[in-house]
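# Working through the structure, step by step
Residue-level listing of the chains:
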Amino acid sequence: MRKIKLGLATLIAAMCLAAGDAKLAIPPAEAGAKAALESSSRHGEWVDVPVAGVDGAGKVPIRAWVVYPEVKGKAPVVIVIHEIFGESDWIRAVTDQLAAEGFVAIAPDLLSGYGPGAGGTDAISGAAKDGGRDAVVKAIRQLSPADVNARLDAVRAYTIKLPTATEKVGTVGFCWGGGMSFGYAIHQPALNAAVVYYGSNPSDAAALGKIQAAVQGHFGGNDARVTSTVAPCEELMKKAGKPYEAHVYDGAGHGFLRQQTGQDGANAKAAESAWTATVAFFREHLK
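Residues numbered from 1 in each chain as written. Predicted model: local features only at pLDDT ≥ 70, side-chain atom pairs only at ≥ 80, totals over all residues. Heavy atoms only, no water.

### What about the packing of helix α6 (residues 145-160) against helix α7 (residues 176-187)?
The interhelical angle for the contact between α6 and α7, taken along N-to-C directions, is 75°, at an axis separation of 10 Å. Accordingly, the angle class assigned to the pair α6 and α7 is roughly perpendicular. Between α6, through V148, N149, L152, D153 and R156, and α7, the contact on the second element is made entirely by W176, M180, G183, Y184 and H187. The residue inventory of the contact of α6 with α7, partitioned by class, reads five nonpolar, three polar and two charged. (Axes fitted to C-alpha atoms, helices over the stretch in contact; angles between N-to-C directions. Helix = DSSP H or I, 4+ residues; strand = E, 2+ residues; numbered from the N terminus. Parallel < 35°, antiparallel > 145°, perpendicular 65-115°, else oblique. Contact = heavy atoms within 4.5 Å. Nonpolar A, V, L, I, M, F, W, Y, C, P; charged D, E, K, R; others polar.)

### Concerning the pattern of salt bridges
Where charged atoms from two side chains of opposite charge come close, those side chains can pair. One pass over the full model with this rule turns up seven salt bridges. Of the charged contacts, one joins R42 and D96 as a salt bridge, the two residues approaching to 2.7 Å between their closest N and O atoms. Of this pair, R42 sits in the loop between α2 (33-39) and β2 (43-49) while D96 sits in helix α3 (residues 89-100), placing them 54 residues apart in sequence. E83 is paired through a salt bridge with R258; the nearest N and O atoms lie 2.8 Å apart. Here E83 is found in the loop between β4 (75-81) and α3, whereas its partner R258 is found in the loop between β9 (244-249) and α11 (266-285), with 175 residues between them in sequence. Taken as a pair, E83 and R258 share a single burial class, namely buried. (Salt bridge = Lys/Arg side-chain N within 4 Å of Asp/Glu carboxyl O. Buried < 20%, exposed > 50% of the residue type's maximum accessible area, 1.4 Å probe, protein only.)

### Let's talk about the environment of K242
Of note, K242 is situated in the loop between α10 (230-240) and β9. The exposure class of K242 is buried, given its relative accessible area of 18%. Spatially, the C-alpha atom of K242 lies 7.3 Å from that of A214, the residues being 28 residues apart in sequence. Aside from chain neighbours lying at most four places away, what touches K242 is L208, G209, I211, Q212 and M237. Within the structure, the side chain of K242 is placed 2.9 Å from the backbone oxygen of I211, a separation counted as a polar contact. (Polar contact = N/O pair within 3.5 Å; in protein donor to acceptor, adjacent residues only side chain to side chain.)

### Brief notes about the environment of A52
For A52, the position within the fold is in the loop between β2 and β3 (62-68). For the pair A52 and A150, spaced 98 residues apart in sequence, the C-alpha separation works out to 8.0 Å.

### So, the pairing of strand β6 (residues 165-174)
Within β6, seven of the 10 residues are buried, leaving the element largely enclosed by the surrounding structure. Two strands pair when backbone bridges link them, and β4 and β6 are joined in this way by six bridges, in the parallel orientation. When the bridges of β6 are listed, V78 appears paired with G170. Alignment of β6 against strand β7 (residues 193-197), held across five bridges, turns out to be parallel. From the neighbouring strand, T171 faces β7, where its bridge partner is A194. Between the parallel pair β6 and β7, the chain is carried across by α7, and the sense of this crossover is right-handed. (Pairing = 2+ DSSP bridges. Right-handed = clockwise from strand over helix to strand, strands pointing away.)

### Regarding the nonpolar core
Ranked by internal contacts, the top residues of the largest apolar core, which has 51 residues, are I79, W176, F182, I211, V215, M237 and Y244. Residue contacts for W176: discarding those within four places in its chain leaves I81, H82, E83, I84, L110, I140, L143 and V148. Grouped together as the second largest cluster of nonpolar side chains are 32 residues, A33, F174, Y249 and F281 included. (Core = buried A, V, L, I, M, F, W, Y, C linked by side-chain atoms within 4.5 Å.)

### Quick notes on α7
Under the 1.5 Å per step criterion, the end-to-end length of α7 is 16 Å for 12 residues, consistent within 8% with the ideal 16 Å. For α7, every residue scored as buried is listed here: W176, G177, G178, G179, S181, F182, Y184, A185 and I186. (Expected span 1.5 Å × (residues − 1).)

As C-alpha cells, then:
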C-alpha cells in the first residue's frame, strides 16, 4: 500500500496531469539521460554563478546547468540539488524535464572549486585513481551545511534576477540532495516550495519550526534507512503547523527515479507517481 498525503490543490492538479496532460513525461532513467539531453529542443547552457565562499572553495564561481522553458512570459524557478554522486548527465536531464514543464530550472555543481584546478565534480572524478564516483562521494561528505546553503542562496539570487524568471523559487533534491532540499527550507525563509526525494528527514523540532515553504517528500517503501525518518518528521511538522506531504511508495527502493528498472517494476511505478505529484506541487506553490 502506498501512503499519500496530498494537499487538495495538489491532488486536483495531479489528477488533471495524469488524466489529460499529454506532454507530461518523467525524466529518463540514468542510462537514457545523455540521449535525452541530446534530443531536447530546449535551450540549456552552463553558467558561472558568483558566490562569496565560506570555506575552502573561496570565491570560485559555482558552475551550474540552466535550462529555459519554451514559454512566452516569465516562469518560476526550480533549483535541482544533485545526489551524493555530484553533477551528472542524469541531474541535467531532470533539469531539462522540469523546463519542459514550464520552469526555469538550474542545477548547480555544489563541488565547484573543490576539485583540481578549482574544478568541480568532473575534475574530482577525472583525477581519481581508484574510482571517480567514490572520490566524488568523499568530497561531498566534506561539504559543510553552511557552505551548501550559501551556495544555494547564491544560485537563488542569480536565477531570480534572470529576465525570464519570477521570484517564486522551489528546490528539489535527490538522496543527499534531498536532505539538502529539506535543510534549505529550514535555512531560507523566502523559499516557496521544497521537494525531497529519498533524503533523510530532519528531527530538530526548533529547526523545522523555521520553515516557511511547503514541503513534499517521496520515499521508497523498501528504503528503511531513510523512510524510518519520515513519520517522526511528519509529527514534528504537524505540531509546528507546517505543511508537509509525505509519499511512501510500496516496494520501491532507494533512488527509484534514477533506477527505474529496479524492484520488479515498483521503481517505475513510484517514479511515475512521484514525478506527477512533484510537477503538480510546484505548479501549486510557485504560481
